[in-house]
Amino acid sequence: MKSTFSNPKPLHAAIIMDGNGRWAAARGWPRTAGHRAGADALRRTVEAAPSLGVSMLTLYAFSSDNWKRPSAEVGALMNLLQTYLHKETSRCVENGVRIGFLGRRDRLSLSICAAIESAENATAGGDRLHVRIAVDYSARDAILDAATRLRAAGEINRENFARALAGGRDGPRAAEVDLLIRTGGEQRLSDFLLWECAYAELYFTPVMWPEFGAADLEAAVSEYYRRERRFGGLALEPAAS
Ligand code: IPE
Ligand code: IPE
Ligand code: MG
């Protein structure tokens with residue numbers, strides 16, 4: 001499908017998928033019911049993104065601070081991730097969606113790590129949309145990690161640092177976020193993509209993540225195109241007539 005937006009530059013959108021627990025509690029349901037409904041919202045969002053001109057979608061699924069939650073909730077979230085990957089990988093392959101992950105893997109179970117690797121390998125050829133799921137992710141830890149590796153390896157400058165943050169020395173730079181969306185009504189970053197969001201347009205919506213869908217993503221992208229990004233410079237002069 002052709003993009004709804006005619007702007008030629010594909011977008012990197014990042015989403016803090018928040019509000020699952022409150023959405024479930026408001027219905028008298030356990031928090032895990034909210035997480036299950038959240039997995040459906042994830043599916044809808046991934047499906048809608050390419051036609052809205054989004055080529056990279058980075059999704060916050062589990063923060064390093066989320067380990068503080070009760071072990072039953074953590075276990076349910078990990079099971080959902082595994083089920084999501086098992087169910088969705090073949091659909092992603094069919095739809096040209098590449099799946100990748102951000103965050104630490106050393107605290108994840110072997111079966112989650114295996115599911116992650118298998119999804120990454122199976123979808124490596126996808127070139128329509130790059131979905132990156134952040135699991136056991138902390139931006140501050142990612143920054144410290146990159147700085148530690150760079151200190152041992154050579155000169156620290158923005159360019160090298162951005163490559164180190166993406167995990168390599170000569171590879172791509174960490175992808176700058178164009179549009180950061182947070183659902184659930186809170187207006188904070190909660191340790192997500194702190195470097196990459198330096199000039200991101202921030203979009204906060206009261207919609208709880210389980211209710212988020214294509215129309216909400218479209219509203220966020222439309223709002224993005226109404227904003228003027230100046231990067232510290234001046235507004236563009238209107239073209240002389
Ligand atoms: C987001 O929803 C999912 C995760 C953080 C894993 P929450 O579980 O934080 O839901 P609320 O914010 O408590 O409603
Ligand atoms: C951020 O949400 C993490 C994810 C959405 C995965 P939280 O619910 O954990 O953030 P805080 O605690 O409200 O800042
Ligand atoms: Mg929350």
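Notes on the structure follow. (Residues numbered from 1 in each chain as written. Chains lettered and ligands numbered in written order. Predicted model: local features only at pLDDT ≥ 70, side-chain atom pairs only at ≥ 80, totals over all residues. Heavy atoms only, no water.)

### Details of the overall build of the protein chain
In plain terms, the rule: Each helix is a run of DSSP H or I of at least 4 residues and each strand a run of E of at least 2, with the numbering of both proceeding from the N terminus. Three exposure classes are used, based on accessible area relative to the maximum for each residue type with a 1.4 Å probe and protein chains only: buried under 20%, partly exposed in between, and exposed over 50%. Whether two residues are in contact is decided by their heavy atoms: any pair within 4.5 Å suffices. All accessibility values rest on the Shrake-Rupley procedure with a 1.4 Å probe; residue burial counts only the protein chains present in the view. Counting rule applied: Lys, Arg positive; Asp, Glu negative; His and chain ends not counted. All charge positions are set by atom: Lys at NZ, Arg at CZ, Asp at CG, Glu at CD.
For the protein chain, the helix and strand inventory stands at seven helices and six strands. In the protein chain, the order of α-helices and β-strands from amino to carboxyl end is β-α-α-β-α-β-α-β-α-α-β-β-α. C-alpha extents for the protein chain along the principal axes are approximately 60 × 45 × 35 Å. Counting the 241 residues in the protein chain, one finds 46% classified as buried. Sequence separation of 24 or more characterises 72% of the internal contacts of the protein chain that already satisfy a separation of 6 or more. Put simply, the protein chain shows about 12800 Å² of open surface, and 52% of that area lies on carbon and sulfur atoms. Taking the 31 positively charged and 29 negatively charged side chains of the protein chain as two groups, their mean positions are separated by 2 Å.

### Notes on the state of the cysteines
Rule in force here: By definition, disulfides here are pairs of cysteine sulfur atoms that lie within 2.5 Å.
Enumeration according to the criterion identifies zero disulfides in this entry. Among the cysteines around Cys113, which has no disulfide bond, Cys92 carries the closest sulfur, lying 19 Å off. A relative accessible area of 12% means that Cys113 is categorised as buried.

### Re the site of ligand 2
Stated precisely, the cut-off is as follows: Whether a residue is near a molecule or strand depends on its heavy atoms: it is near if one of them lies within 4 Å of it. Counted as a polar contact is a pair of N or O atoms within 3.5 Å, where, for protein atoms, one must be capable of donating a hydrogen and the other of accepting one, and residues adjacent in sequence contribute only when both atoms are in side chains.
The environment of ligand 2 is made up of Ile16, Met17, Asp18, Tyr60, Ala61, Phe62, Asn66, Arg69, Arg182, Arg188 and Ser190. One of the side-chain nitrogen or oxygen atoms of Asn66 is found 2.9 Å away from an oxygen atom of ligand 2. The side chain of Arg69 places a nitrogen or oxygen atom 3.3 Å from an oxygen atom of ligand 2.

### Observations regarding the pattern of salt bridges
Here is the rule we go by: Each reported salt bridge corresponds to a side-chain nitrogen of Lys or Arg within 4 Å of a carboxyl oxygen of Asp or Glu.
What the rule picks out here adds up to 26 salt bridges. With a closest N to O distance of 2.9 Å, Glu73 and Arg31 form a salt bridge. Remark: Arg31 occurs in helix α2 (residues 31-48) and Glu73 occurs in helix α3 (residues 71-94); sequence separation between them is 42 residues. Since its relative accessible area comes to 8%, Glu73 is described here as buried. Assessed through its relative accessible area of 37%, Arg31 is described here as partly exposed. One salt-bridge network, in which partners are shared between bridges, spans Lys9, Asp178, Glu201, Glu223, Arg226, Arg227 and Arg229.

### Some points on the site of ligand 1
To be explicit about the condition: Amino acids outside the nonpolar list (Ala, Val, Leu, Ile, Met, Phe, Trp, Tyr, Cys, Pro) and the charged list (Asp, Glu, Lys, Arg) are all regarded as polar, and Gly is one of them.
Taken together, the neighbourhood of ligand 1 is formed by 13 residues, with Asp18, Gly21, Arg22, Arg31 and Arg69 sitting nearest. One nitrogen or oxygen atom from the main chain of Asn20 is found 3.2 Å from an oxygen atom belonging to ligand 1. Within the backbone of Arg22, one N or O atom sits 2.7 Å away from an oxygen atom of ligand 1. Every element with two or more residues in the shell around ligand 1 is listed here: α1 (20-25), α2 and α3. Per-element tally for the shell around ligand 1: the top contributor is α1, with three residues. Looking at side-chain class alone, the shell around ligand 1 contains three nonpolar, five polar and five charged residues.

### Things to note about unusual backbone geometry
Of note, the phi angle at Asp136 is positive, near 50°, even though the residue is not glycine. Along the chain, Asp136 falls in strand β4 (residues 129-137). Assessed through its relative accessible area of 1%, Asp136 is described here as buried. Despite not being glycine, Asp191 shows a phi value in the positive range, around 65°. Along the chain, Asp191 turns up in the loop between β5 (179-182) and β6 (201-204). The exposure class assigned to Asp191 is buried, which follows from its relative accessible area of 11%.

### Quick word on the sheet that holds strand β1 (residues 11-16)
Whether parallel or antiparallel, the strands of a sheet pair through hydrogen bonds between backbone atoms. To keep things clear, this is the line we draw: Pairs of strands are assigned from DSSP output, requiring at least two bridges between the strands. Only the stretch in contact is used when fitting a helix axis, every axis being a line fitted to C-alpha atoms; angles between N-to-C directions are given from 0 to 180 degrees.
If you trace the six strands from one edge of the open sheet to the other, you get β3-β4-β2-β1-β5-β6, paired in parallel fashion. Looking at strand neighbours, the two that pair on one side only are β3 (97-102) and β6, the edges of this open sheet. With direction set aside, neighbouring strand axes in the sheet form an average angle of 20°. Alignment of β5 against β6, held across four bridges, turns out to be parallel. Bridging across to β6, Leu180 finds its partner in Leu202.

Interpretation note: all reported values are geometric properties and have no functional meaning in isolation.
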